[in-house]
Amino acid sequence: MIKLIKISNKAVKSVMAEQSASSNVNITDAVLNQSPVIKDAENVTIIYKQPPSTSSSDEDEWNFMKQWMELCISYFEKEGKLRLQGVSAQTEIPVVHPIIHEINCYDKDTVPVDERYNPKGPNELFKNKIIKEVCFQDLLDQRGKFISIVASAGSGKTVFSLRLAKAFSLLQRLCIHLKLMDANYEEPLTLRQLLLENMFPGHSEEFYAACFSWMQKNTDKIVLILDGLDQAQYSLDKISPKINYNACVPVKDLVFNLCRKHFFSNSLLIITSRPHAVLYLPEPARPQVTYALSDLSIFNSQKLFLAFADEDLWRKINTTSSQMLSMCRNPLMLQMIISSNIHPSEDIGDASTPTRLFATVMKNLTQSGHIRNTEGLDELVKRLRVLAFDATKEGKVVLTAKQLRNAQVNPATIHDIVVQLHTHGLSVNSCLFERNTKFFFCHQTFQEHLTASYVVYGMPVEEFQEFVETSLFEQHWTVVRKFVCGLLFDLESKAVSGALQMKKEILKKYLIQQLLIQNFMNLPETKKAIVLVSKAIGKNVEPFGSGFPSVFPGDIAPTDKLLDLYACVGEGKDSSIATIAAEHCPRIIQLPQPMSSNLVPGFCFVMKHVTKQLDVLGLSACSLDANSFHEIASVIKEMKPGQVRYY
C-alpha cells in the first residue's frame, strides 16, 4: 500500500531551484531524493498530508482522494516500468529527458500541408519555429491550457508523458493518462468510461461516480494527458458537435470536445503526437502551446547508455565514431547501437557505421503471430523494401492502408512485425510500423535503409544505372545514397553475383566522376572564376548543370556536396575510391560552419588517404563538438610532419 502525505509546492520549488535547468532533472525524483523520510525507506513512499477536517463530507472527500491518488500513482509506476521493455530489477534506469523547445508551428497559415519525407530528418519542420528552450519543470507550471507535445518516433514521448503524469500527481494535481491506441473504439463511450473506467477497470459504480463528480467540481486541479494522437484509429479533421458530460458518442467526438475545452474548461490538457497528426486538427481545436522534444543531450545520452552497457563500449564509440555518438542522442537509436555492438552479426561484423547498424538490426527482425517461418518473412521484407522506395520517391513518410495493400502488405498484420534487440538486462521489442489508420515506420531511418536495400537487391540493373545517373545524387536521396554505398562497397565487398558486381562498377564509376567534378569545383581558381563570370553577366553560373552549386560561401570553403560524397566513401569503406578522392582533394580545405557530426567519419576516412601537401586545413569556423574535433585531430596526428602547413 502506498502511503500519502503532502509535499508542498514551496518544497518542490526549493528543490527545483537547486537543480540546473540544463540538466532537465525530473522533479519527481528530485523531490523524492530530498526527503529524509523517503530516502531511508525500503520502498518508495509518496507522502501526502491530510488537511484539517471541518466536516464529515470533507473527511469523506479526503478518503476518496487518497484512494484515487494511490491508484493513479500505482498506475504511472507500473506503466513506466512496462515501458522499459523488460529491464531487470537490478538495473537502475537514470531519469533523463530530451531537450525541449517551445515552438510556434500550428498557427493558421503557417502549418504545412502534411508531414513530408525530408532527408535532414523529421525535426526539420521545427527548425525555424523555435521560440525558446524550456525545461521539464516549466511544463509543470502550466495551468488551464491545451498543450501539445510533438516529437518524431523513438524520441520517448510516452515515457516523457508518464513522468509528467507522476510529477503532476506529486504536486496534488489529479492526472489522468490515457493511451489513445488502447482505448475502446468498437462502441460509443461516455466521457466517464473513456477517462476513468478505461484507466482503472474493475471498481464500483459509487467510486466512478464520486471521481467524475469531483472532476467536474475541481476542473482547475485536473491534468488530462492523451498519449499518442497519431496512433488513434480515427481522424479529427472534421468538427464534432458540442456534447454534454453524459453523452454516449464515438471516441473521436469525446476527444474533439476535450480539445475544444468543452469539458473541464479550467483543466490542463496535454496531447502527445508525431507532428503530422496535429496538422489535421481544425483550427478551433488546435493547441494553444506546443513543445517539441528533440534528442537527448550528450550528457544525458551517456547516463542512459551506461545504464545498459559498460564504459568500455561508450569509450569505444566516443573515441572512434562521432556519427554513432550523435545517433545515441535518440533513445531508440541508442538501444539499437548498444544491442548491435554487444551482439554483432557474424555476417556483418561490428556495427561501426549506420549501414552496418541497421543491417544488424534487420537481421534481428522477427514477426509474432501467425507468420514465423523465414521464407514468409523474407518475402515480406522484399515487399517492405518496395513500399519504402515508393514512399521515399514520392516524398512520403505517412502511408495509408491502401498503399500497403498495393504493395501486397496486409495492414491488419503489419503491427505484428517487431525489431527485437537484446542487451544484458534489456530486451527491446519495437514495432517496425506504428499502428494507425495511417502507417509509418518506427523511425525514418528504417524507411531509408529499406529504400536503399531495394535499390541494391531489388532494382534491375538497367533501372539501377538510370537511377544512379539521374536521381541518386540529388539532395532528396542523401541518406539513401549513403546506405547504398555502404551496402554495395562494404557489406557486399566480396559479392560475386553478376547483378551486384555490375551495380558496384556502375556506382563506383559515377561516384568517382562526381568526386572529381566536385574537387574541381572547389579549387580556389575555379571558384573565383565562377564568381567573376557571375558578376559580369549578372546571374549565377552553373557550369555543370542544375545539380551543382553556383554560389559559394567564401573563396576556399568546400561545398556540402563534396562532404556528402566523402560521407558516401566513408560509409562504403572502399580504400580505392578514398585514394582517388584524396589524390584530387583541394589543397585548401576550409570546413563549413557548422559542420554536422554525420559528415566527420567520411571526411576523416578520405583524409587518412591523403599523401600530398595541404596548404590549409581550416577548423576554426566549423563549430565542431569535442568528439568530432578529436576524431579529426587524430587523423591530423597521423599525417607526416609538415604535411599540413596551417589548420
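The preceding data block contains the structure.
Values in this document were obtained by computation on a predicted structure and should not be read as measured data.

1. Some thoughts on the side chain of T290
Relative to the elements of secondary structure, T290 occurs in strand β7 (residues 289–293). Look at T290 and you get buried, because its relative accessible area is 4%. A distance of 2.8 Å separates the side chain of T290 from the side chain of S148, its partner in a polar contact.

2. Describing the side chain of D253
Within the secondary structure, D253 is located in helix α9 (residues 251–259). For D253, a relative accessible area of 11% puts it in the buried group. Within the local environment of D253, its side chain forms a polar contact with the side chain of K252, the two groups lying 3.5 Å apart. Not counting chain neighbours up to four residues away, the residues in contact with D253 comprise S240 and I243.

3. Considering the packing of aromatic side chains
Going through the model one piece at a time under the given rule, you end up with 14 aromatic pairs. A ring pair is formed by F212 and Y245, whose centres lie 6.0 Å apart and whose planes are at 75°; its orientation type is edge-to-face. Linking F212 in helix α8 (residues 205–217) with Y245 in the loop between β5 (222–227) and α9, this pair joins segments that are 33 residues apart in sequence. Ring centres of F358 and F446 lie 5.2 Å apart, and the angle between their planes is 85°; this geometry places the pair in the edge-to-face category. With F358 in helix α15 (residues 354–363) and F446 in helix α18 (residues 444–458), this pair connects stretches of sequence that are 88 residues apart. Take F358: its relative accessible area is 0%, and that puts it in the buried class.

4. Re the pattern of salt bridges
Should their charged atoms come close, side chains of opposite charge can pair. All chains considered together, the criterion is met by nine salt bridges. Note that R192 and E197 form a salt bridge whose closest N and O atoms lie 3.1 Å from each other. Exposure remark for E197: the relative accessible area of 25% places this residue in the partly exposed category. A salt bridge links R383 to E379; its shortest N-O distance comes to 3.6 Å. With R383 and E379 both in helix α16 (residues 374–394), this residue pair falls four residues apart, about one helical turn. The class for R383 is partly exposed, based on a relative accessible area of 28%. With a relative accessible area of 36%, E379 lands in the partly exposed category. Salt bridges here are not isolated pairs; linked through shared partners, they connect R192, E197 and E205.

5. With respect to the pairing of strand β3 (residues 146–150)
The element β3 is largely enclosed, with a buried count of five among its five residues. Neither face of β3 is open: one carries F146, S148 and V150, the other I147 and I149, and all of them are buried.

6. A few points about the packing of helix α11 (residues 298–308) against helix α14 (residues 331–342)
The contact between α11 and α14 brings their axes to 10 Å, and the two run at 40°. Overall, the two elements α11 and α14 adopt an arrangement that is oblique. Crossing of α11 over α14 shows right-handed handedness. When α11 is examined against α14, the residues S301, L304, F305 and F308 are found in contact with a partner set consisting of L334, I338 and I342. Along the lines of polarity and charge, the residues of the contact of α11 with α14 split into six nonpolar, one polar and no charged.

What counts, and at which threshold
Residues numbered from 1 in each chain as written. Predicted model: local features only at pLDDT ≥ 70, side-chain atom pairs only at ≥ 80, totals over all residues. Heavy atoms only, no water. Helix = DSSP H or I, 4+ residues; strand = E, 2+ residues; numbered from the N terminus. Buried < 20%, exposed > 50% of the residue type's maximum accessible area, 1.4 Å probe, protein only. Polar contact = N/O pair within 3.5 Å; in protein donor to acceptor, adjacent residues only side chain to side chain. Contact = heavy atoms within 4.5 Å. Phe/Tyr/Trp six-rings, centres within 6.5 Å; stacked < 30°, edge-to-face > 60°. Salt bridge = Lys/Arg side-chain N within 4 Å of Asp/Glu carboxyl O. Axes fitted to C-alpha atoms, helices over the stretch in contact; angles between N-to-C directions. Parallel < 35°, antiparallel > 145°, perpendicular 65-115°, else oblique. Left-handed = near helix turned anticlockwise from the far one by under 90°. Nonpolar A, V, L, I, M, F, W, Y, C, P; charged D, E, K, R; others polar.

Keep in mind that these numbers describe shape and distance, not what the molecule does.
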